[in-house]
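# Observations on the model geometry
Residue-level listing of the chains:
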Amino acid sequence: MTQLSESLYLLYHELRPRRSDYSYVVETAAFEKQCDLFLKLRSRKEPGLFPEVTFDDGHVSNLEFALPILHSRGIQAWFFITVGWTGQRPHYMDWQQLRTLHEAGQQIGAHGWTHTLLTHCSPAELQKELAEARLTLEDKLGTSITTMSLPGGRANSRVIQACRDAGYTQIFTSAPKREPRPAGAMIGRLNVRGDMTLEWFEQLFEPKSSVLSSLGRQHQMKTAAKALLGDSLYEKLWGLVNRQETETSMGDATAREDSAHHQ
Ligand SMILES: [Zn+2]
């Protein structure tokens, strides 16, 4: 179908029919247009990046809104599930919904048990966040789970080793960069925000575009700032400069997760 030799993995969280101020909510109609663009890009003849779609957290909008859009276009995406939220937390999928998603041909991976940043976990906590999350997903879905997405994109060598020990062969991060096809053991992703326009996406995928490399540099600087300030001070500063939604209709889980998802 295509000669494209490198991929760009996009990271989505929640879709909503209407525009939201919450940074990582993408409007359903915008996602639909983005998927149409991805189909066009996937079939082009000239060199360029092959777009791949991933979702983190297991929000119920992934099933309600994203699945029909992906399915009708024949796009197979990855859905990384926060296992402890499944059937437990309002607005997140339950096991039956997750099975529906899986049976529709979509790929399921793990996103921890509690969404705690793994770099903050003790060895016993890592066991629960990684091994128990994987085994529970396998048990409930009756399939092999080998992919893991890092909550908040946070990792260090101890976390990476723990992921390997827990049986994950591919780890998805939040560092935006091009990836070989087929992908290797660590896969970077671009975190999609609701204010990214279709024109912006078109530029991103232009063969000579500098958008991705500039995003990559920004991400490296932010990672360095987190290392310097520590996660907790960094989150506070981030909260000050980014608008956080407070309306209750969205479910405060989303608002609380806001800082955990920023890059
Ligand atoms: Zn997440």
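Everything discussed here concerns the structure shown above.
What comes next is a walk through the structure. (Residues numbered from 1 in each chain as written. Predicted model: local features only at pLDDT ≥ 70, side-chain atom pairs only at ≥ 80, totals over all residues. Heavy atoms only, no water.)

It is worth spelling out the packing of helix H4 (residues 123-141) against helix H5 (residues 157-165) at this point. Direction vectors running N to C along H4 and H5 enclose 50 degrees, while the axes themselves pass 10 Å from each other. Regarding the angle of H4 to H5, the classification is oblique. H4 and H5 meet at a crossing whose hand is right-handed. Where H4 approaches H5, its residues Pro 123, Leu 126 and Leu 130 are matched on the opposing element by Arg 158, Ala 162 and Cys 163. Grouping the constituent residues of the contact of H4 with H5 by class yields 5 nonpolar, no polar and 1 charged. (Axes fitted to C-alpha atoms, helices over the stretch in contact; angles between N-to-C directions. Helix = DSSP H or I, 4+ residues; strand = E, 2+ residues; numbered from the N terminus. Parallel < 35°, antiparallel > 145°, perpendicular 65-115°, else oblique. Left-handed = near helix turned anticlockwise from the far one by under 90°. Contact = heavy atoms within 4.5 Å. Nonpolar A, V, L, I, M, F, W, Y, C, P; charged D, E, K, R; others polar.)

Structurally, Arg 42 can be placed in helix H1 (residues 28-42). Under the relative-accessibility criterion, Arg 42 is labelled buried at 8%. Arg 42 sits 190 residues away from Ser 232 along the chain, and the two C-alpha atoms are 40 Å apart. (Buried < 20%, exposed > 50% of the residue type's maximum accessible area, 1.4 Å probe, protein only.)

Another aspect to go through is H5. For H5, the full list of buried residues reads Val 159, Ile 160, Ala 162 and Cys 163. Projected onto a plane normal to the axis of H5, the buried residues spread over an arc of 160 degrees and lie on a single side. Exposed residues lying more than 90 degrees from the buried face of H5 are Ser 157 and Asp 165. If you follow the buried residues of H5, they end up packed against H4, strand E7 (147-149), strand E8 (170-172) and strand E10 (186-187). N-cap assignment for H5: the residue whose side-chain oxygen lies 3.1 Å from the backbone N of Arg 158 is Asn 156. (Arc of directions from axis to C-beta. Polar contact = N/O pair within 3.5 Å; in protein donor to acceptor, adjacent residues only side chain to side chain.)

Turning our eyes to something else, we now look at helix H8 (residues 231-241). Within H8, burial applies to Asp 231, Tyr 234, Glu 235 and Trp 238. Buried residues of H8 fall within an arc of 100 degrees about the axis and therefore sit on the same side. Summarising the geometry of H8, the exposed residues directed more than 90 degrees from the buried face are Ser 232, Lys 236 and Leu 240.

Remember, this is a structural readout, not a statement about activity or role.
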